[in-house]
Amino acid sequence: MEPEIRTVERSERRRRRLPALIGLAVIAVVGATWIGLFSFLGANSAFGTVETVADRYLCDTTAYDLEFPDLSSLSTVRTADGVVLGQLTERNSMPVTLDETPDLVVAALLSAEDKAFYEHEGIDFSAIGRAAIGKLTGNFAGGGSTITQQVVKQNFLSDAYTIERKICEAAIAAEVERRYTKDQILEFWANSVFFGSNAYGIRAAANEYFGKDLEELTIAEAALLPVPIRNPTFYHPRFNPDNALAARNRTIDRMVANGYILPADGAKAKAEPLGVIDQQRVDPLSPQVMIAVRQQLLKSSKYGLGETPSERKRALFGCPAAVTDCDGGGGLTIDITLDMDLQREADRILRAWFQRGAEGPTGAIASIDNRTGAIRVLASGLDFGNDIESGQRPYDLAAQGARQVGSAFKPFTLAAALESGTRDGVPVTLGSYWDDSSPAIIECDSTCSSEGNIWTVHNAGGSAPKGLRTLESATYNSVNTVYARLIDTIGPEPVVEMAHRLGITQPLLPLPSITLGAQGVPPLQMAAAFSTLANFGSRVEPYLIQRITDQDGTVLYEHTTEPRQVLSDQIAAAVVGAMKKVVSNGTARRAEIGRPQAGKTGTATDSADVWFVGFIPQMTTSVWVGYADNNNPLEDFTVWNDLTGEEQYYRRAYGGTLAAPIWQQFMTYATKDMTVRDFPEDPPGANVYRQTPYATVPRLELSTNETIDALYAVGLAGAIEEVPSTLPQGTLIGIIPGPGVKLRQGSTITVEVSSGIPPEIAMVDLRGLTRGEAS
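Summary of the structure given here. All values reported here derive from a predicted model rather than from experimental measurement.

## Quick word on the packing of helix α6 (residues 147-155) against helix α8 (residues 182-192)
Then comes step 1: α8 packs onto α6 with a crossing angle of 55° between their chain directions and a minimal axis gap of 10 Å. Taken together, the axis directions place α6 and α8 in an arrangement best described as oblique. As α6 runs across α8, the sense of the crossing is left-handed. Note on element contacts: α8 touches α6 through I185, L186, F188, W189 and S192, opposite I147, T148, Q150, V151, Q154 and N155.
Then comes step 2: Residues belonging to the contact of α6 with α8 are distributed by class as follows: six nonpolar, five polar and no charged.

Take a look at the structure:
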C-alpha cells in the first residue's frame, strides 16, 4: 500500500530546539573533521556537542519578514499598448494548490528533494552529513538542504556563503516550520521554486517541458520535473539531456525505494526517453522592467498601497498564507507606460547590431514622452539576469548603467552659460566668439586632472592654430577646446546645478571636465534632461507606473503630470536651435529622420562610450554604446549594420558614427505613425541669446603672443602686421584700433610689430622756396 503523503505529519509536533539547530548548522560549514557527527549522531546527541558553538552565531529571526505571498492572488503588470508583461512576483507563474497536485507529482518532488520532509523539523542532519561526506569522497548524491531551507534561501536570505548566513538559514528554517504547517511550506515551495527556462512552480514546469497539465504527467515525466531544481544549467533537459536523464532515473529509483511506485513501473519509466518538447519561443518581456515596477511599488507610499513596507507587500502580493482570517490584497492590475511594440523593436535593433553578447560592445536605449514624462522604452543589449558567463547582467543598462556621456553634456554647459555666464563683463551668447585652437591649457584652482592643477584639452582633430568661431558653431561641431575655455570662464558649479535642474539625478562633482561628460550618467537620465530642453525648459518627471486598479475596478492610483518651468523658454529655445544644427550641419547627420529634430553626440575619452541623445517635439531618446563591464576603447571591431544589412568595421567609433545611426533606425520605426510636428516658434526675447556681443580691445601686454592671447580671450582676432621700425624685429609696437575701443566680437585687430628695418626717410625738396617758406 502506498504511503499517504499528506497524512504523515504528526498530530502534535515536538517543540523545536532552536539552539541545537543553530549549532548543527555551524558544524555543517565549520569543517570536514566534524562531518562524521552528522552521519552517526541524531539531533539530540549532536545538540550537546555544539551548544557552545551556537552561542557565537545566534541569529535574530524576528528581524526577518517571513510571510509567504499568497500565490493565488498575484498582481498583473500591463504595458501602455495592452501587453501583459507578467505577474508581479519572482516566484512562479501558474500556482496550483497542494490539494490539486497529483500524489505522483508530490512523490517525485519529495523523492528528489527531501524524502524526510514530513519527518524533520526544518533541517535533515543526516542529509547534511551525507552531502558533506559525498563532497569529500567525490560521490555526491544530492544536496543537504531541506525543502524548508530552500524556501528560506530563496526568499529571505542573500546568496552569500558565510557561517553567519548558514546559521540564519537554520534558525529561520526552524521558525518557518513553527509558523507554517508542512503542507503550507510544501505548497509554497512547489509553486515558487525555479525549474529552469523561466518556469517558476511545478505547474509552469510541466507546461514548459511537456506542454501538459499536472494530472496528465506520466511517472517518467513527473520524475524529470524536479531534476533542474538543484542546477538549472547542469541538469537542463534541453541543453544537457544526458545529465537530466541520469538524474531522472535516480529519482525514479528513489520513488521505488520510498514505496511510491512499483519496481516494474519504475523500470518501465526508466526505459522511456525524456520526451521534452521544443521550447515555445516567446519574446522577452523585460524582466528588468518588472523588477523596477516591483521596487517602486514596495519602496514608496505614494501609490496608495500602504504606509509601511509590510502593508505595501500585502497589498501587492496578497494575504500571507499563515493568516487564515485575512481578507483582500493582491490581484491588482498595474498599468505601466512602457510601449511593448517599441520595447521589442529596441531590443531587436540592439541585438541585431551587437551579436557577440557580453564579449563585444553592446548598447542601451531609453525613450521618454516629452509631454508627460512617460517612459516608453528601457532596452538593454544584454539579457537581464545573474548568469554572467552567458552574457546576462543583474542590472538594467538603460536605467542604471551610468557611463561617461562625453560631449552630450555640452548642452547643460551651454544653458548655464546663456543663463548667467559673462566674459569680461559681457554676457555669453550663441553669437559670442571663442578661441578654438587646440590644445587648450586650463589652469585650475585645485587638482582637476591627472596633471594636477593643469587640464589639457584637445579637439578630435588634434592640434590647431589660433582661430575664432561662435559658440553656436562650437556646439554643433562639438569643439572641445571652446567648451573647456567656456567652463573655465563660468565655473563648473553652475553647470552641475543646471544639469540637476534639467533632470540629471546622478551625483556630479563640480570639476571642469564635467563639460566634456567625464562623469557617468544613465541613458534614462540623459533622456529626461534633454526632454526638458525639448519642452523649452518645462520639466516633467519620468515615470513608469501609470495606474493601479484593484480586482473590483477601483482605481487606487493614477499618475498626474505636473510640469515645472526650470529654465526660461528663451534660453531653452536658443539651446534647441543650436542642437538642431547638430543634426543638419554638425556631428549627427547620420541621425537624420526627415522631420524636425535636435540632439547632441557624445564620445567619451578613448571612445570608451559613444552616445547620441536626440528629440523630436513629442519624444526624446538616448542611445549609448560601449562595453558593459569595462572602459575598453571602441576600436578595431565589427558590428552588423542593421540599416545596410552587412557587417561594418570600425577603426574607432564616435557618437556620430555608431550611436547616431542606431538612434536613426529606432526613431524611424517609433515615428512611422506619428504626426510630424515642428518645435514651437521662438518666444519673444530668444534672439537676444543669438546676437554677437561687443568686446573691448584689451590693453597691450608685454609681448606679441601675450597680446594675441588677450585678444582671443575676449573674442577678437589678432592679425600681425610688420611695420618699419628701428626696434628689434618682432617687438610689439601697438594695436589698431587701440585699447578701450568697443568692437563686435569676431572682429580682427591689427597687431603691429617691428620689422627691424628702419623706415626710409626722403629729403625734403626746398628749392624755389623763400627762407620763411623753407623754415
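## Describing the pattern of salt bridges
Side chains that differ in sign of charge can pair as their charged atoms come close.
Then comes step 1: In this structure the tally under the stated criterion is 30 salt bridges.
Then comes step 2: Here E177 and K182 are joined by a salt bridge, their closest N and O atoms 2.8 Å apart. For the residue pair E177 and K182, the accessibility class agrees, reading buried in each case.
Then comes step 3: Of the charged contacts, one joins D765 and R767 as a salt bridge, the two residues approaching to 3.0 Å between their closest N and O atoms.
Then comes step 4: Judged by its relative accessible area of 71%, R767 falls in the exposed class.
Then comes step 5: The network of salt bridges with common partners includes R78, D335, R547 and E558.

## Remarks on the nonpolar core
Then comes step 1: Judged by nonpolar contacts, the single largest core of 92 residues is most densely connected at V293, L297, I334 and M526.
Then comes step 2: When sequence neighbours within four positions are dropped, the list of residues in contact with V293 reads V77, L88, I334, I336, L544 and I545.
Then comes step 3: Of all hydrophobic cores here, the second largest spans 58 residues; its members include C59, V106, V176 and I219.

## Looking at the layout of surface pockets
Then comes step 1: Taken as a whole, the second largest pocket holds about 820 Å³ of empty space.
Then comes step 2: Taken together, 31 residues make up the lining of the second largest pocket; nearest its centre are H458, N480, T603, A604 and T605.
Then comes step 3: Elements with a contribution of two residues or more to the lining of the second largest pocket: β11 (454-457), β18 (598-603) and α23 (655-670).
Then comes step 4: Taken together, the residues that form the lining of the second largest pocket break down as eight nonpolar, 19 polar and four charged.

## Concerning the sheet that holds strand β24 (residues 717-723)
Then comes step 1: Pairing is mixed in the open sheet, where three strands are placed in the order β24-β27-β25. Where the open sheet ends on each side, the last strands, each with one partner, are β24 and β25 (732-736). Pairs of neighbouring strands in the sheet enclose a mean axial angle of 25°, with direction left out of account.
Then comes step 2: Set on the sheet, helix α24 (residues 704-713) makes contact with β24, β25 and β27 (748-754); between it and β24 the angle comes to about 150°.

## Looking at the pairing of strand β16 (residues 555-558)
Then comes step 1: Where strand β15 (residues 545-549) lies against β16, three bridges are found, and the strand directions are antiparallel. For T549, the partnering residue across the bridge sits in β16 and is V555.
Then comes step 2: Count of turn residues in the β15/β16 antiparallel hairpin: five residues, of which G553 carries a positive phi of about 90°.

## Quick notes on a nonpolar patch on the surface
Then comes step 1: There is a patch of nonpolar side chains on the surface, built from V764, L766 and L769 and spanning about 280 Å² of accessible area.
Then comes step 2: Note on L766: relative accessible area 44%, which makes it partly exposed.

So, how was this worked out
- Residues numbered from 1 in each chain as written.
- Predicted model: local features only at pLDDT ≥ 70, side-chain atom pairs only at ≥ 80, totals over all residues.
- Heavy atoms only, no water.
- Axes fitted to C-alpha atoms, helices over the stretch in contact; angles between N-to-C directions.
- Helix = DSSP H or I, 4+ residues; strand = E, 2+ residues; numbered from the N terminus.
- Parallel < 35°, antiparallel > 145°, perpendicular 65-115°, else oblique.
- Left-handed = near helix turned anticlockwise from the far one by under 90°.
- Contact = heavy atoms within 4.5 Å.
- Nonpolar A, V, L, I, M, F, W, Y, C, P; charged D, E, K, R; others polar.
- Salt bridge = Lys/Arg side-chain N within 4 Å of Asp/Glu carboxyl O.
- Buried < 20%, exposed > 50% of the residue type's maximum accessible area, 1.4 Å probe, protein only.
- Core = buried A, V, L, I, M, F, W, Y, C linked by side-chain atoms within 4.5 Å.
- 1 Å grid on protein atoms, 1.4 Å probe; cavity = no way out; pocket = protein on both sides within 12 Å on 5 of 7 lines; lining within 4 Å.
- Points joined across faces, edges and corners; volume = space filled by probe spheres on them.
- Pairing = 2+ DSSP bridges.
- Patch = residues over 30% accessible without salt bridge, like charges linked within 9 Å, V, L, I, M, F, W, Y side chains within 5 Å.
- Areas by Shrake-Rupley, 256 points an atom, 1.4 Å probe, with all protein chains shown as cover.

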